Amino acid sequence: VQLVESGGGLVQAGGSLRLSCAASGRTFSQYVMGWFRQGPGKEQEFVAALTWSGGSTFYADSVKGRFTISKDNAKNTVYLQLSSLNPEDTAVYYCASGPEWMRVVSKSNEYDSWGQGTQVTVSS
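Residues numbered from 1 in each chain as written. Predicted model: local features only at pLDDT ≥ 70, side-chain atom pairs only at ≥ 80, totals over all residues. Heavy atoms only, no water.

A.B. asks: Explain the environment of Tyr 94 to me, using residue names and the numbers behind them.
C.D. replies: Residue position: Tyr 94 is located in strand β9 (residues 91–99). Sequence separation between Tyr 94 and Ser 24 is 70 residues, and the spatial gap between their C-alpha atoms is 16 Å. Non-local contacts of Tyr 94, meaning those with residues more than four positions away in its chain, are made with Glu 5, Gly 34, Trp 35, Phe 36, Gln 38, Gln 44, Trp 114, Gly 115, Gln 116 and Gly 117. (Helix = DSSP H or I, 4+ residues; strand = E, 2+ residues; numbered from the N terminus. Contact = heavy atoms within 4.5 Å.)

Structural data, given as structure tokens:
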């Protein structure tokens with residue numbers, strides 16, 4: 001399984017970015033795709049998740065209404081649209097996948113494959 005993130009960068013507060021996670025190596029129709037992030041000096045935290053088959057979405061309270069997770073079946077790619085960014089969103093963002101029968105989509109140990117991460121830096 002290979003997950004490759006892209007789309008990170010430097011953006012001013014209030015700006016937007018779109019992160020991509022290109023997935024390969026398995027049939028993802030029965031998997032959950034998640035985004036996590038780890039800011040400087042902080043623990044890794046859940047951001048958003050999506051069930052590949054049904055398209056159900058889940059968000060952390062801190063990003064609800066600002067971030068949107070989506071997928072493109074044809075491209076086997078998951079996206080995370082980041083809007084209304086603030087400096088607290090500065091982090092390395094990781095894409096992850098795990099079986100659809102996981103119990104809690106916000107727990108990182110439910111996921112068995114991870115990308116290398118992409119840096120998002122928000123300046124004030």
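A.B. asks: With reference to specific residues and values, describe the packing of aromatic side chains.
C.D. replies: Tallying each qualifying case throughout the model produces 4 aromatic pairs. Through a chain of ring-to-ring contacts, the aromatic side chains of Phe 36, Phe 46, Tyr 111 and Trp 114 assemble into a single cluster. Over the ring of Tyr 79 we find Arg 18, and its NZ or CZ is 4.1 Å from the ring centre. (Phe/Tyr/Trp six-rings, centres within 6.5 Å; stacked < 30°, edge-to-face > 60°. Lys NZ or Arg CZ within 6 Å of the ring centre and 35° of its normal.)

A.B. asks: Now, about the pairing of strand β3 (residues 17–24): what can you tell me, with residues and values included?
C.D. replies: One ladder, built from 5 bridges, connects strand β1 (residues 2–6) with β3; its direction is antiparallel. Bridge pairing links Glu 5 to Cys 21 in β3. In this sheet, strand β8 (residues 77–82) lies alongside β3 in antiparallel orientation, the contact comprising 6 bridges. If you follow Cys 21 over to β8, its bridge partner there is Val 78. (Pairing = 2+ DSSP bridges.)

A.B. asks: Break down the side chain of Thr 90 for me, with residues and values.
C.D. replies: Tracing the backbone shows Thr 90 in the loop between β8 and β9. Polar side-chain contacts of Thr 90 include one of 3.0 Å to the backbone oxygen of Pro 87. Once you skip the residues sitting within four places of it in the chain, Thr 90 turns out to touch Gly 39, Pro 40, Gln 119, Val 120, Thr 121 and Val 122. (Polar contact = N/O pair within 3.5 Å; in protein donor to acceptor, adjacent residues only side chain to side chain.)

A.B. asks: Quick rundown of the pattern of salt bridges? Include the residues and the values.
C.D. replies: Pairs may arise between side chains of opposite charge once their charged atoms sit close together. According to the stated counting rule, one finds 4 salt bridges in the structure shown. When salt bridges that share partners are traced, they join Arg 37, Glu 45, Arg 66 and Asp 89 into one network. (Salt bridge = Lys/Arg side-chain N within 4 Å of Asp/Glu carboxyl O.)

In short, geometric facts, not functional conclusions.
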